[in-house]
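Breakdown of the fold
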Amino acid sequence: MADLRSFTHLSEQLGEIAMVDLLNRYFDTLGDAIAAHDGQILKFMGDGLLAVFPINDPAQRHAVHAQALAAALAARANLATLNAALAREGKPAIDFGIGLHAGTVAFGNIGTKTRLDFTVIGPAVNQASRIQDLTKELRVPILASGDFAEAADVGMRHLGARSVRGVAAPVDLFAPADAPH
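Residues numbered from 1 in each chain as written. Predicted model: local features only at pLDDT ≥ 70, side-chain atom pairs only at ≥ 80, totals over all residues. Heavy atoms only, no water.

1. What about the nonpolar core?
Let me state the cut-off plainly: We define a nonpolar core as any set of buried Ala, Val, Leu, Ile, Met, Phe, Trp, Tyr and Cys residues linked to one another through side-chain atoms lying within 4.5 Å. Throughout this description, buried means an accessible area under 20% of the type-specific maximum (1.4 Å probe, protein chains only), exposed means over 50%, and partly exposed covers the range between. Secondary structure elements are defined from DSSP: runs of H or I of at least 4 residues count as helices, runs of E of at least 2 residues count as strands, and each element is numbered from the N terminus.
By size, the foremost hydrophobic cluster in this structure holds 35 residues, and its most contacted members are Tyr26, Leu30, Ile94, Ile98, Leu100 and Phe148. When contributions to this core are tallied by element, the ones reaching two or more residues are β1 (2-4), α2 (16-36), β3 (48-52), α3 (61-88), β4 (96-100), β7 (142-145) and α5 (146-152).

2. Re the confidence of the model for the chain
Definition in use: Every residue carries a pLDDT, the predictor's confidence in it, which falls somewhere between 0 and 100.
Per-residue confidence for the chain averages 92 on the pLDDT scale, and 98% of its residues sit at or above 70. Within the chain, helix α1 (residues 7-14) has the poorest average pLDDT of any element, 85, and β4 the best, 97.

3. Looking at the side chain of Thr119
The condition that has to hold: Here a residue-residue contact requires only that any non-hydrogen atoms of the pair lie within 4.5 Å.
Tracing the sequence through the fold places Thr119 in strand β6 (residues 116-121). Residue class for Thr119 comes out buried when judged on its relative accessible area of 8%. In this view, Thr119 contacts Leu42, Lys43, Leu50, Ala106, Phe107, Gly108 and Ile110; residues no more than four positions away in its chain are not counted.

4. Let's talk about the sheet that holds strand β9 (residues 171-176)
This is how the line gets drawn: Between any two strands, pairing holds if DSSP finds at least two bridges. A fitted line through C-alpha atoms serves as each axis, taken over the contacting stretch for helices, and the angle formed by two N-to-C directions is quoted from 0 to 180°.
Taken in spatial order, the seven strands of this open sheet run β2-β3-β1-β4-β7-β9-β8, and their pairing is mixed. Two strands in the sheet have a free side with no partner beyond their single neighbour: β2 (40-45) and β8 (156-162). On average, each strand axis in the sheet is inclined to that of its neighbour by 25°, with strand direction left out of account. Where β4 lies against β7, three bridges are found, and the strand directions are parallel. Bridge assignment links Leu100 to a residue of β7, and that residue is Ala144. The strands that α3 touches are β4, β7, β8 and β9; relative to β4, the one it contacts most, it runs at about 180°.

5. Regarding the layout of surface pockets
Empty space among the atoms becomes apparent when a probe as large as a water molecule is rolled across them. Formally: Think of a 1 Å grid over just the protein atoms. A cavity is a set of points where a 1.4 Å probe fits yet cannot get out, a pocket is an open set with protein on both sides within 12 Å along at least five of seven lines, and lining residues have an atom within 4 Å of a point. Grid points are joined across faces, edges and corners, and a volume is the space filled by probe spheres set on the points. Under the scheme applied, nonpolar residues are Ala, Val, Leu, Ile, Met, Phe, Trp, Tyr, Cys and Pro; charged residues are Asp, Glu, Lys and Arg; polar residues are all the others, including Gly.
Computed from the structure, the largest pocket encloses a volume of approximately 720 Å³. Taken together, 33 residues line the largest pocket, and the ones lying closest to its centre are Ala51, Val52, Phe53, Pro54 and His101. Among the elements that take part in the lining of the largest pocket, α3 stands out by supplying six residues, more than any other. When the residues that make up the lining of the largest pocket are grouped by side-chain class, the tally is 28 nonpolar, five polar and no charged.

6. Considerations on the packing of α2 against α3
Definition in use: Throughout, a crossing is termed right-handed when the near helix is turned clockwise from the far one, and left-handed when it is turned anticlockwise from it by less than a right angle.
Remark: α2 packs on α3, axes separated minimally by 7 Å, with the N-to-C direction vectors making an angle of 145°. Relative to α3, the crossing made by α2 is right-handed. Contacts between α2 and α3 involve Leu22, Arg25, Tyr26, Thr29, Leu30, Asp32, Ala33 and Ile34 on the former and, on the latter, Ala71, Ala74, Ala75, Asn78, Leu79, Leu82, Ala85 and Leu86. In the contact of α2 with α3, the residues fall into twelve nonpolar, two polar and two charged.

The structure is reproduced here in structure tokens:
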């Protein structure tokens, strides 16, 4: 789950047309990274994005989690490139947070009789969203749950456990070991 920072402020500052252009450029930073690492974008939600990295074979779990983390890191690198371009254009830099979580989801079409939308639902989706929200509070761009970090089998640094809205027990949170503090 990814979410743009200061969306309301940017929208007021830039106006609707310029904001749509910026959103598309922002989503490209994420989308290029997700596609390059075999993920799938499922949904754009205003200034947020939901992507999945399906595990078709349990033996591939570690590799898929490493791919998801690599996509998150690549998206942050893409953001640096975008922000350099925005600076050259005299536009403000942007930032976003990413929440990573592992879990089982249900997928399919949901909606009304006249409008269906393909999506995933379940506690794992909600938890990824809540973890992403904590990137603001903890001031780290990428946060992962303990479930994700354990399966990723790559270097992660433990940031402690936090209460997460809607989750009974505190969630262990991790950040990429090589990412800035």
